[in-house]
Every structure is written in C-alpha cells, then in structure tokens.
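Overview (structure and organization)
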Amino acid sequence: MTESASGRGGSGKEPGDRGRTSISDGVVEKIAGLAAREVVGVHAMGSGTALSRTFGAVRDRVPGGQKASVSRGVKAEVGEVQTALDLEIVVDYGVSIRDVARAVRENVISAVERMTGLEVVEVNIAVSDVKLPDEPDEEPESRLQ
C-alpha cells in the first residue's frame, strides 16, 4: 500500500515540516548562559575583574537601567544545524577548574541541544578569574526599597 498526499495539503510534507526554523545567536547564548550558571562552582559569567563585575552589578540594580544579561560571557556561532560556543567564566576559589569546566560543557551541550535541536560541535571555556572567599561580594546592597 502506498501513501498518498491526501490529507497533507498536496505538498507531500507533514504540516510540521513545511517551512524553515532559524535560531538566532542570541537565543543560543541565553540558553548557554543560564545552563552555565546552574553549575556549582561558577561564580559569575563574563569579565573576570572584580571592578567590572562591581560596575555590572550596580548597573543591573539601577531602576530603568540595563538589566542583567543572561548571555553575558557567552558568544555563539549558529549555523543551519550546528553551533559552537565560547564562554568566559569566573570560578569560586577551591573548586576543581577542570571539573567545573567539564560540568559546564555537559550542562550547556545538553540544554542547547535539547531546546534547539542544533548539534553543539564545541564549547570553549576561558576561566578569567577566581572569586576568593575574602573578596567582598560584588553585588552591593541596594539603597532603594
């Protein structure tokens, strides 16, 4: 018995297969940024200097100001079926950087592939700083209520 095109609009394709879906770099960057932050030992994403993290934390708390970007520290290159990612992270002092990087890769790859259907071909991780226990927390308390 052969299958006919009837019931499928005559195109021979299932309704879900008609058309093309494109995913922007920013979407993949957000997914990867959130997945990386879920890993224990990742203190922050992006620039490693305490001063720039402090300015970022202050900027994020100003009413009407630019909100925290979940894609900070993430750069994605997205093709038709594959993506490659570069992440910049700050780790907590005392953790195994190798183990944290491996966990970040696994979590990012899992989340991006599951949510987008893209194949993640590589996740490059740059550890730009270590958050020391005696360093002041870079997120100052807000004076606003």
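Let us look at the pairing of strand S4 (residues 119–131). Across 11 bridges, strand S3 (residues 82–92) lies against S4 in parallel orientation. Along S4, the bridge assignment pairs valine 90 with aspartate 129. Between the parallel elements S3 and S4, the chain passes through helix H3 (residues 97–116) in a crossover that is right-handed.

Attention shifts here to the nonpolar core. In this structure, Leu85, Leu87, Val104, Val108 and Val112 are the most contacted members of the largest nonpolar core, which totals 24 residues. Counting residues per element, the ones that place at least two in this core are helix H1 (25–37), strand S1 (42–45), strand S2 (74–78), S3, H3 and S4. In terms of residue count, H3 provides more of this core than any other element does, six residues in total.

A word on the environment of arginine 105. Its location among the elements puts arginine 105 in helix H3. What makes arginine 105 partly exposed here is its relative accessible area of 33%. Each C-alpha atom of the pair arginine 105 and valine 39 lies 9.8 Å from the other, and the pair is 66 residues apart in sequence. At a separation of 2.8 Å, a polar atom in the side chain of arginine 105 contacts the main-chain carbonyl oxygen of valine 123.

On the secondary structure map, serine 71 appears in the loop between helix H2 (50–61) and S2. In contact with serine 71, other than residues within four places in its own chain, are Glu29 and Lys30.

When two helices pack together, their arrangement is captured by the angle between the axes and the distance separating the axes. Packing of H1 against H3 leaves a shortest axis separation of 8 Å and a crossing angle of 140°. In terms of axis orientation, H1 runs oblique to H3. Taken as a pair, H1 and H3 cross one another with a handedness that is right-handed. Counting all contacts with H1, which are made through Val28, Ile31, Ala32, Ala35 and Ala36, the residues of H3 involved are Val104, Asn107, Val108, Ala111, Val112, Met115 and Thr116. Classifying every residue of the contact of H1 with H3 gives 10 nonpolar, two polar and no charged.

Right, let's get into H1. Its 13 residues place the ends of H1 18 Å apart at the C-alpha level, agreeing with the 18 Å of an ideal helix rising 1.5 Å per residue. Every buried residue belonging to H1 is among Val28, Glu29, Ile31, Ala32, Gly33, Ala35 and Ala36, and all of these are buried. Check the buried side of H1 and you find it contacts S1, S2, S3 and H3.

Further remarks concern the confidence of the model for the protein chain. Confidence along the protein chain averages 83 in pLDDT terms, with 72% of residues attaining 70 or more. Long-range and interchain partners of residues 1–6, a stretch whose pLDDT sits below 50, account for three contacts in this model, where long-range means more than four residues apart.

Here threonine 83 shows up in strand S3. Look past the residues within four positions of threonine 83 in its chain and what remains in contact with it is Val28, Ala76, Glu77, Val78, Val112, Leu118, Glu119, Val120, Val121 and Glu122.

Right, let's talk about the environment of glutamate 106 for a bit. Turning to its location among the elements, glutamate 106 is positioned in helix H3. Overall, glutamate 106 belongs to the exposed group, its relative accessible area being 52%. Each C-alpha atom of the pair glutamate 106 and valine 123 lies 9.2 Å from the other, and the pair is 17 residues apart in sequence.

Quick notes on the rules
Residues numbered from 1 in each chain as written. Predicted model: local features only at pLDDT ≥ 70, side-chain atom pairs only at ≥ 80, totals over all residues. Heavy atoms only, no water. Pairing = 2+ DSSP bridges. Helix = DSSP H or I, 4+ residues; strand = E, 2+ residues; numbered from the N terminus. Right-handed = clockwise from strand over helix to strand, strands pointing away. Core = buried A, V, L, I, M, F, W, Y, C linked by side-chain atoms within 4.5 Å. Buried < 20%, exposed > 50% of the residue type's maximum accessible area, 1.4 Å probe, protein only. Polar contact = N/O pair within 3.5 Å; in protein donor to acceptor, adjacent residues only side chain to side chain. Contact = heavy atoms within 4.5 Å. Axes fitted to C-alpha atoms, helices over the stretch in contact; angles between N-to-C directions. Parallel < 35°, antiparallel > 145°, perpendicular 65-115°, else oblique. Left-handed = near helix turned anticlockwise from the far one by under 90°. Nonpolar A, V, L, I, M, F, W, Y, C, P; charged D, E, K, R; others polar. Expected span 1.5 Å × (residues − 1). pLDDT = per-residue confidence, 0-100.

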